[in-house]
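Descriptive structure summary
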Amino acid sequence: MKSLKQNSIKIPDPLILALLLTLLTMMLAFSLGSNSAPGLEGVTDVIIWWNQGIWDLLSFTMQMVLILLLGYMLALSTVFGRLSTALTSLAKNPLAAAITVSVTAVILGLLNWGLALVFGAVFVRKIAIQAVKNGNTINYPLLGAAAYTSMMVWHGGLSGSAPLSMASSAHFLIEKTGIIGLSETIFSPMNLLTTLSLLIILPLATWFLARNSINSIPALNLDQNELSQEKDSQQTYSRVTLLSFFGFLLLAGYILRIIISDKTSNFGLNEINIILLALVLIFHPSVKQLSEAAQTAASSTVGIMLQFPIYAGIMGLMNHSGLLSVMTQWFINISTPETFSVYAFFSASLVNLFVPSGGGQWAVQGPMIIDSALALGVPPPKAVMALAYGDQLTNMLQPFWALPLLAITGLKAGQILKYAVIYMLIGFAVFTFFLAIM
């Protein structure tokens, strides 16, 4: 397979967007903030407030780094490599390939977005290699777009930044909402119905697109390893090593803690990362294999590490200047309890184009959404999901998280965009419908 180490994510554009958003927030904080003094004193205040907020999300930042890093590493394990190879056998024709990719993308996207993104890219490339070997035709860009739909469902799944953050015992909005369990967000009737609808409609749409598309043999630059039959080391997985032993021990410890603890166990970001870390140790039982996977996956976390302090600074600016209260009141003025969730969804869809990280967007926009919901009497769990839906929807237009998929498959952003827009319109209809009626 083509080396994944060339998959280093370049971040200048999102970083510049974050800095420009910071500058805009500074100007708004100075001109509209209720706590801003006039003149030079106000400028000084703005700079100090921004500086104070920079490190407010260090714990959250590390949680998000790990959820991406560990999910990415899982996708690179031999276990998931074998799974993608096995699934390739189902893709015997263009229609079967499209449906298999679509269903797999949605299911894995609900489990972990890092895992789904990389696994989907590897899976699609294997299908393309099989097509080249057998002289079969497929719609390669459609398969790439179908794999990318994992990023349109992830925030309503088990790696969703906003719902998992609110389920954690020390999240940054706990004084306003307390702990919001996953039963009220990810496992709520609204989200379960929304998810089920997408699991049915997206593969159907993919089938329709595949049925009416023009297919061709993919133009791939294949190395010798990709042309030859993949061979995995059976010995590596037939014995328990020190790493896998501690992986099982970590899982056992987590289960024992739940059983023995007298307190109600929260299932948030830390718990998800414990499980992911245990699985990484189990599925990468050799130190060499683990190190190689970590080095490959680490480049994907650079954007989070550099941008989250900037988003924390924006959050600090909004809080200390009083701008958060001003914007919250504006949002309240244009909303009613019936329309708020849809408006929050629309606004989150727009903000995601400028803040392409679900966790970063939650840090910046979450406080305003929660304050507005509380003021209007809208249940905070529904407000959380409205933001989550908006954040994930416009990933279909936002190329930032598509970079790993494009690097692995060799596809261009423009090739998958025409299909991604169709998926986005479907998602828009589904999310709006359930937010409006439930």
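Residues numbered from 1 in each chain as written. Predicted model: local features only at pLDDT ≥ 70, side-chain atom pairs only at ≥ 80, totals over all residues. Heavy atoms only, no water.

**Considering the confidence of the model for the chain**
Counting all residues, the mean pLDDT for the chain is 87, and 91% of those residues have values of 70 or more. pLDDT under 50 marks residues 1–12. Its contacts with residues more than four places away, or in other chains, come to 35 contacts. For residues 229–238, every residue scores under 50 in pLDDT, and the model assigns this stretch 15 contacts once sequence neighbours within four places are set aside. (pLDDT = per-residue confidence, 0-100. Contact = heavy atoms within 4.5 Å.)

**Observations concerning the nonpolar core**
Across soluble globular proteins, nonpolar side chains show a tendency to be buried alongside one another. Within the largest apolar cluster, 132 residues are counted, with the highest numbers of intra-cluster contacts made by F340, W362 and Y423. Broken down by element, the residue count for this core peaks at 14 residues, all from helix α6 (residues 113–134). When residues no more than four places from it in sequence are discounted, the contact partners of Y423 are L142, A145, A146, T149, M152, L202, T206, L209 and M396. (Core = buried A, V, L, I, M, F, W, Y, C linked by side-chain atoms within 4.5 Å. Buried < 20%, exposed > 50% of the residue type's maximum accessible area, 1.4 Å probe, protein only. Helix = DSSP H or I, 4+ residues; strand = E, 2+ residues; numbered from the N terminus.)

**Notes on the environment of T241**
When you line up the elements, T241 lands in the loop between α11 (224–227) and α12 (242–260). For the pair T241 and V287, spaced 46 residues apart in sequence, the C-alpha separation works out to 9.7 Å. Only 2.8 Å separates the side chain of T241 from the backbone oxygen of P285, close enough to count as a polar contact. (Polar contact = N/O pair within 3.5 Å; in protein donor to acceptor, adjacent residues only side chain to side chain.)

**Examining the packing of helix α2 (residues 39–53) against helix α15 (residues 302–321)**
The description of two packed helices rests on the angle between their axes and on the distance between the axes. Here α2 crosses α15 at 130 degrees, and the two axes come no closer than 7 Å. As far as their axial angle goes, α15 and α2 are oblique. Remark: the crossing between α2 and α15 carries right-handed chirality. Taking contact as the criterion, the partners of V46, W49, W50, Q52 and G53 in α2 are, on α15, A312, G313, I314, G316, L317, H320 and S321. Looking at the contact of α2 with α15 residue by residue, the class counts come to six nonpolar, six polar and no charged. (Axes fitted to C-alpha atoms, helices over the stretch in contact; angles between N-to-C directions. Parallel < 35°, antiparallel > 145°, perpendicular 65-115°, else oblique. Left-handed = near helix turned anticlockwise from the far one by under 90°. Nonpolar A, V, L, I, M, F, W, Y, C, P; charged D, E, K, R; others polar.)

**Focus: helix α7 (residues 140–148)**
Burial of α7 is extensive: nine of the nine residues sit out of reach of the surface. Listed as buried for α7 are Y140, P141, L142, L143, G144, A145, A146, A147 and Y148. Elements in contact with the buried residues of α7: α5 (94–111), α6, α10 (189–211), α20 (403–409) and α21 (413–437). One side-chain oxygen of the residue at the start of α7 lies 3.1 Å from the amide nitrogen of L142, identifying that residue as N139.

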